[in-house]
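# Structural description and commentary
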Amino acid sequence: MNQIKYIIAVLVSVGIFNSCSGIFLDKKNNNQNIKIASHYHVSETSYGSYLAARVAHIRQNYNLAADYYIKSIKLGVKDPELLSRVYLLLTTEGRIDEAAKYAQQSIKEGDSSNFVRFVLMSDEAKNQNFDKAIEHINGIKDKSYKNAISPLFKAWLLAGKNDKKGALRELNLLEKDKDLLSFYHMHKGMILDYFNDTESAQKEFDKIIDDQNLEISFRSLQIIANFYARNSQVDKAKDIIKQYNNKNSNTKMFTELLSSIYDINKNKPIPVIDTPQKGLSEAIFNVGVIFRDYQSDIAQIFTALSLYLNKDNDVARISMADLLEKSHRYSEAIKQYEKVSVNSPLYYMANLKISAIYLENKDHKEALQKLKELLSHYPNDYNILFNLGEVSRITDKNKDAIKYYNLALKKLPDSLKEDWTVYYALGIAYEKSNQWEKAEQSLKKALKISKRHPFVLNYLGYIWLENNQNYNEALYMIFDAYRQNPENGHIMDSMGWALYRMGKYTEALSVLERAAEYLPANAVVCDHLGDVYWQTGRKSEAKYQWQHALSLKEDAELLDKDVIRKKIAEGVNKPTAIIFNESLLIERLKGLKK
């Protein structure tokens, strides 16, 4: 779809982006100046509200920002961009009814942007005022919009007026553009289905399924499978779901889709798109998806409008949550994920994402609770069991971690047979539990499957080095890991420590100093750097690093604090260099260089 992406890129840079200028502030700049022009003539109270709104806006608390902007308007602030800022923020937060009120005011003030039309179009369509909604679409002047997007929206508005011919005529404007054929056939099929023209609708859906060049999303598959199931073609619905299931790793989503075709209560299929508002919602969502790659804030506005017209579209719901997550608005993302129904084929994905957010934000208690709750619905699921193992390992409950990892291995799907991470994680849990033979076995398995991944090489090599065994292989592994990934702080630390143990202090110093730059809060790295400083005569700096290591939390459990205190008081003797076959190591490293 290169052409449509080009069109959208042009729209972002010329049309829509300009209409949103200043609405969504640069998230990377948290020190943006807050300026209020002198000609606004605001009172002290209105100034306070406006200032509070700007602060909330910068902090991405858009609901609060919108509320304060509204208060500022009521108190007399006369910012020419304030009305547009308000209706866009309200739209983003799903408060479309309120947004429409301020969008209407903004039009009266001369707002000619595209988004003011989209907000009002959606509001009128929601309230079945299709003529007024069409007026707003007709008010859009941008040629690119009129050619690529307006026909899609207008077709559904005409369907709302029960004008089948008009809807199809409008949609036919997209037929000539080969990059829009997926949209064309999909929406034509949905419109024909809405008008109960089953035979014609099937022709359009069949074209999408049969033509390998046409893109098909999960949402499109959901709608098409629903159509076949409603028209006594259940086997065909199952076949196409299985066909796409085989092409994707997320099998759970597709198996859940298979079982969700039927409405449990009525024991018969119900249409996914049974109103023109839901059809328009699909069209708006399609445009929002394209914008995800260019301007996430704009994608969020379109997605919010889509959900306003169809709150049951869980694909749009997941998309909205993902957009919020990517902008680090985690609590809002969780709220969106939680709205996905337990009967939805996306319930599993939504809750797995919630647990991932908790884990990323180190809320291990909530992550564990969410995963256990999800396990009650899917007791044999590999991903849930693996993630339970991860949470348990991270919180030093290695006995539980081992249990969950082993259960996960029993449920390992064929598509993940080459996934080494579970063996790697299991090996770490065994090692932390002092079950070294089992740890070594699991890590060797991970090493083989991963084709010598640097993380596995580094971990196994470092443990062998610390356990004073297999020196030749340990050094070779650590050097190989460093060759593959020389910018990883943990691998740098292992490399520096290996050089230290070899008695090469000067070389170790430069590597460990770099490791400390990458991992300044890591207790083990500081301890190692202290040791190499001492051996190179920099004793004051050595003591500082040891003192610093005592104050750090990261990997602190790996250190013996009494030993470090003794080093601070007495220093450290020059260690005996490890015995290894240097000529063999050099020869093997030459092979790596090749």
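Going by the structure above, here's the rest.
Attention in this report is confined to the structure presented alongside it. Owing to the predicted nature of the structure, the values given are computational and were not obtained by experimental measurement.

### Observations regarding the side chain of Glu440
- Within the element layout of this structure, Glu440 appears in helix H25 (residues 436–449).
- Buried charge Glu440 goes without a salt bridge, the closest partner of opposite sign being Lys444 at 4.2 Å.
- Setting aside chain neighbours within four positions, we find Glu440 in contact with Trp464, Gln469 and Asn470.

### Describing helix H17 (residues 296–309)
- When the terminal C-alpha atoms of H17 are compared, their 20 Å separation across 14 residues agrees well with the 20 Å that a helix rising 1.5 Å per residue should span.
- The buried fraction of H17 is high, at 13 of 14 residues.

### With respect to the pattern of salt bridges
- Taken as a whole and assessed by the stated rule, the structure comprises 29 salt bridges.
- Between Asp206 and Lys236 there is a salt bridge whose closest N-O contact spans 3.0 Å. Residue Asp206 is found in helix H12 (residues 198–210), and its partner Lys236 is found in helix H14 (residues 234–245); the two are separated by 30 residues along the sequence.
- A salt bridge links Asp322 to Arg292; its shortest N-O distance comes to 2.4 Å.

### Regarding the packing of aromatic side chains
- Summed over the entire model, instances satisfying the criterion amount to 16 aromatic pairs.
- Pairing Tyr194 with Phe195 gives two aromatic rings, centres 5.2 Å apart and planes at 75°, and the pair type is edge-to-face.
- Relative to Tyr424, the ring of Trp420 has its centre 5.6 Å away and its plane inclined at 65°; by these criteria the two rings are edge-to-face. Tyr424 carries the same exposure label as Trp420, and that label is buried.
- In this structure an aromatic cluster arises from ring pairing among Phe115, Phe118, Phe153, Phe291 and Phe302.
- A cation over a ring is seen here: Lys126 above Tyr308, with NZ or CZ 4.9 Å from the ring centre.

### Quick notes on empty space enclosed by the protein
- Counted under the stated rule, the structure contains 2 cavities of 30 Å³ or more.
- Lining the second largest cavity are Met190, Asp193, Phe205, Ile223, Asn226, Phe227, Arg230, Val272 and Ile273.
- Listing elements by their share of the lining of the second largest cavity, those giving two or more residues are helix H11 (181–194) and helix H13 (218–230).
- With 4 residues, H13 is the single largest residue contributor to the lining of the second largest cavity.
- Considering only residue class, the lining of the second largest cavity consists of 6 nonpolar, 1 polar and 2 charged.

### Thoughts on the side chain of Gln222
- Structurally, Gln222 is set in helix H13.
- Residue classification places Gln222 among the buried residues on the basis of a relative accessible area of 14%.

### Observations concerning unusual backbone geometry
- A positive phi angle, close to 65°, is found at His328, a residue other than glycine.
- Taking relative accessible area as the criterion, His328 reaches 58% and is therefore assigned exposed.
- The phi angle at Arg452 is positive, at roughly 65°, despite the residue not being glycine.
- Here Arg452 shows up in the loop between H25 and helix H26 (454–466).

### Considering the packing of helix H22 (residues 382–394) against helix H24 (residues 421–432)
- Contact geometry for H22 and H24: axes closest at 11 Å, N-to-C directions at 30°. Relative to H24, the element H22 lies roughly parallel. In terms of crossing hand, the pair formed by H22 and H24 is left-handed. In contact with Tyr382, Phe386, Glu390 and Arg393 of H22, H24 contributes Thr421, Val422, Ala425, Ile428 and Ala429.

### Digging into the environment of Asp206
- By relative accessible area, which is 18% here, Asp206 ends up buried.
- Taking the C-alpha atoms as reference points, Asp206 and Met186, 20 residues apart in sequence, are found 9.9 Å from one another.
- Beyond its immediate chain neighbours, meaning those up to four positions away, Asp206 contacts Tyr228 and Lys236.
- Separated by 2.4 Å, the side chains of Asp206 and Tyr228 make a polar contact.

### Notes on helix H9 (residues 150–160)
- Within H9, 10 of the 11 residues are buried, which leaves it mostly tucked inside the rest of the structure.
- Turning to H9, its buried residues number three or more, namely Ser150, Pro151, Leu152, Phe153, Lys154, Ala155, Trp156, Leu157, Leu158 and Ala159.
- Where H9 ends, the next residue or the one after it, Asn162, has phi of about 65°, a positive value.

About the cut-offs
- In this numbering scheme, every chain counts its residues from 1 along its sequence in written order.
- At least 70 in pLDDT is required for a residue's local features to be given in this predicted model, at least 80 for side-chain atom pairs to be given and counted, and no such filter applies to totals for whole chains, interfaces and linings, which use all residues.
- Just so you know, side-chain values use all the structure's heavy atoms and leave hydrogens and water out.
- Runs of H or I in DSSP of at least four residues are treated as helices and runs of E of at least two as strands, each being numbered from the N terminus.
- Note on exposure labels: buried denotes an accessible area under 20% of the residue type's maximum, exposed denotes more than 50%, and partly exposed covers the range between, all computed with a 1.4 Å probe on protein chains only.
- Positive charges come from Lys and Arg alone, negative charges from Asp and Glu alone, with His and the N- and C-terminal ends not counted.
- Salt bridges are identified by distance alone: a Lys or Arg side-chain nitrogen within 4 Å of an Asp or Glu carboxyl oxygen.
- Contact criterion: two residues are considered in contact whenever any of their non-hydrogen atoms come within 4.5 Å of each other.
- Between the first and last residue of a helix there are one fewer steps than residues, each counted as 1.5 Å, and that sum is the expected span.
- In summary, the pairing rule links any two rings of Phe, Tyr or Trp, Trp by its six-membered ring, whose centres are within 6.5 Å, and it sorts them by plane angle into stacked for under 30 degrees, edge-to-face for over 60 and tilted for everything else.
- Geometrically, a charge over a ring is one whose NZ (Lys) or CZ (Arg) sits within 6 Å of the ring centre while staying within 35 degrees of the ring normal.
- Cavity means a closed set of points on a 1 Å grid over the protein atoms alone, one where a 1.4 Å probe fits but cannot get out, pocket means an open set with protein on both sides within 12 Å along at least 5 of 7 lines, and lining means a residue has an atom within 4 Å of a point.
- Grid points are joined across faces, edges and corners, and a volume is the space filled by probe spheres set on the points.
- Under the scheme applied, nonpolar residues are Ala, Val, Leu, Ile, Met, Phe, Trp, Tyr, Cys and Pro; charged residues are Asp, Glu, Lys and Arg; polar residues are all the others, including Gly.
- The angle between two axes is taken between their N-to-C directions and runs from 0 to 180 degrees, where each axis is a line fitted to C-alpha atoms and a helix contributes only its stretch in contact.
- Angles are sorted into four bins: roughly parallel if under 35 degrees, roughly antiparallel if over 145, roughly perpendicular if 65 to 115, and oblique for all others.
- Here is the rule for handedness: rotate from the far helix to the near one, and if that takes an anticlockwise turn smaller than a right angle the crossing is left-handed, while a clockwise turn gives right-handed.
- Each polar contact in these results corresponds to two N or O atoms within 3.5 Å; when the atoms are within protein, one needs to be able to donate a hydrogen and the other to accept it, and residues that are neighboring in sequence are counted only if both atoms are side-chain atoms.

As far as function goes, none of this settles anything; it's purely spatial.
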